[in-house]
Amino acid sequence: MLSAWAIAFASGAIIFFLLYFVASSFNYKKRFNDKYDFKNHFPYEFNYEGHFSDNIIGNVSLIMSSAFSIGLYIVSCAFKYTNGLVIASLGSGVALSLLIVALNFAPLKYLKLHLFFMVLSFVAAFATPALIGFGFFSHYQDFKDGFSLVFFIISLVIAVFLFVLIMNPKLSLNIPMKKATDDKGNEYYVRPKFIVIAFSEWMMV
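Values in this document were obtained by computation on a predicted structure and should not be read as measured data.

Trainee: Help me out: how do you make sense of a nonpolar patch on the surface in this one?
Mentor: Residues Leu19, Phe52, Ile56, Ile57, Val60, Ile63, Met64 and Phe105 make up a contiguous nonpolar surface patch of roughly 640 Å² in combined accessible area. Of the residues forming the nonpolar patch, the biggest block, five residues, is contributed by helix H2 (residues 56–76). Given a relative accessible area of 41%, Ile56 falls into the partly exposed group.

Encoded structure:
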């Protein structure tokens with residue numbers, strides 16, 4: 001019964017997140033006549049200089065995805081093989097789900113607020129799979145359960161990947177803009193095709 005609930009919550013979180021991204025991308029294209037690319041755009045740019053209602057489908061979908069994610073963490077901790085580490089991941093996972101929403105409404109013009117949410121999300125994104133992984137490794141040591149070992153390995157790979165992103169020396173808000181010239185000879189700035197910090201924020205979600 002619990003596994004069915006876990007699958008339902010996980011499916012809901014994924015479906016609503018995809019809906020959020022697709023709907024928000026279409027809305028961004030409509031508002032700014034420009035294609036949204038997560039490799040060089042921040043999550044908050046979906047709502048840049050706009051109101052909640054300007055991207056109503058995307059924003060509601062994001063909140064629903066976060067709610068389903070929180071439900072997944074809570075249900076997962078009801079399984080009989082949970083331990084202290086797995087339960088600790090509940091708080092980290094819930095925090096990450098809420099911070100993902102917060103990052104979408106904290107533009108860079110509020111730099112301190114954006115950095116606050118970003119740093120917390122990086123910590124929570126790393127801690128969640130790490131805690132889950134070591135929790136299942138502890139269970140594997142006690143019961144030699146193959147499933148727990150597989151889950152530990154997958155979680156550890158994810159945690160290491162996120163740790164590498166966080167420790168990237170290029171993770172900076174110092175974004176070098178490129179100069180370009182239009183048909184009339186006027187210069188304007190173009191963002192690079194890849195922005196490490198923007199891409200990293202997307203990887204944390």
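On we go from here.
Trainee: Please explain the packing of aromatic side chains as it appears in this structure.
Mentor: The way to describe two aromatic rings as a pair is by their centre distance and the angle between their planes. Counted under the stated rule, the structure contains 29 aromatic pairs. With centroids separated by 6.1 Å and ring planes inclined at 80°, the aromatic side chains of Phe21 and Tyr36 adopt a geometry described as edge-to-face. Residue Phe21 is found in helix H1 (residues 2–32), and its partner Tyr36 is found in the loop between H1 and H2; the two are separated by 15 residues along the sequence. Judged by its relative accessible area of 23%, Phe21 falls in the partly exposed class. With a centroid separation of 6.4 Å and 85° between ring planes, the pair formed by Phe136 and Phe147 is classed as edge-to-face. Of this pair, Phe136 sits in helix H4 (residues 111–143) while Phe147 sits in helix H5 (residues 146–166), placing them 11 residues apart in sequence.

Trainee: Looking at this structure, how should I read H4?
Mentor: For an α-helix the count is 3.6 residues per turn, leaving residues at separations of three or four pointing the same way. Between its first and last C-alpha, H4 extends 48 Å over 33 residues, near the 48 Å set by a 1.5 Å rise per residue. Where H4 terminates, the next one or two residues include Lys144, which has phi positive at roughly 55°.

Trainee: Help me out: how do you make sense of unusual backbone geometry in this one?
Mentor: The phi angle of most residues is negative, glycine excepted, and most peptide bonds adopt the trans form. Even without being glycine, Asn33 reaches a positive phi, approximately 50°. Considering the arrangement of structural elements, one finds Asn33 in the loop between H1 and H2. Note on Asn33: relative accessible area 64%, which makes it exposed. In this model, Lys144 sits at a positive phi of 55°, which is unusual for a non-glycine residue. Its location among the elements puts Lys144 in the loop between H4 and H5.

Reading the values: rules and limits
- Residues numbered from 1 in each chain as written.
- Predicted model: local features only at pLDDT ≥ 70, side-chain atom pairs only at ≥ 80, totals over all residues.
- Heavy atoms only, no water.
- Patch = residues over 30% accessible without salt bridge, like charges linked within 9 Å, V, L, I, M, F, W, Y side chains within 5 Å.
- Areas by Shrake-Rupley, 256 points an atom, 1.4 Å probe, with all protein chains shown as cover.
- Salt bridge = Lys/Arg side-chain N within 4 Å of Asp/Glu carboxyl O.
- Helix = DSSP H or I, 4+ residues; strand = E, 2+ residues; numbered from the N terminus.
- Buried < 20%, exposed > 50% of the residue type's maximum accessible area, 1.4 Å probe, protein only.
- Phe/Tyr/Trp six-rings, centres within 6.5 Å; stacked < 30°, edge-to-face > 60°.
- Expected span 1.5 Å × (residues − 1).

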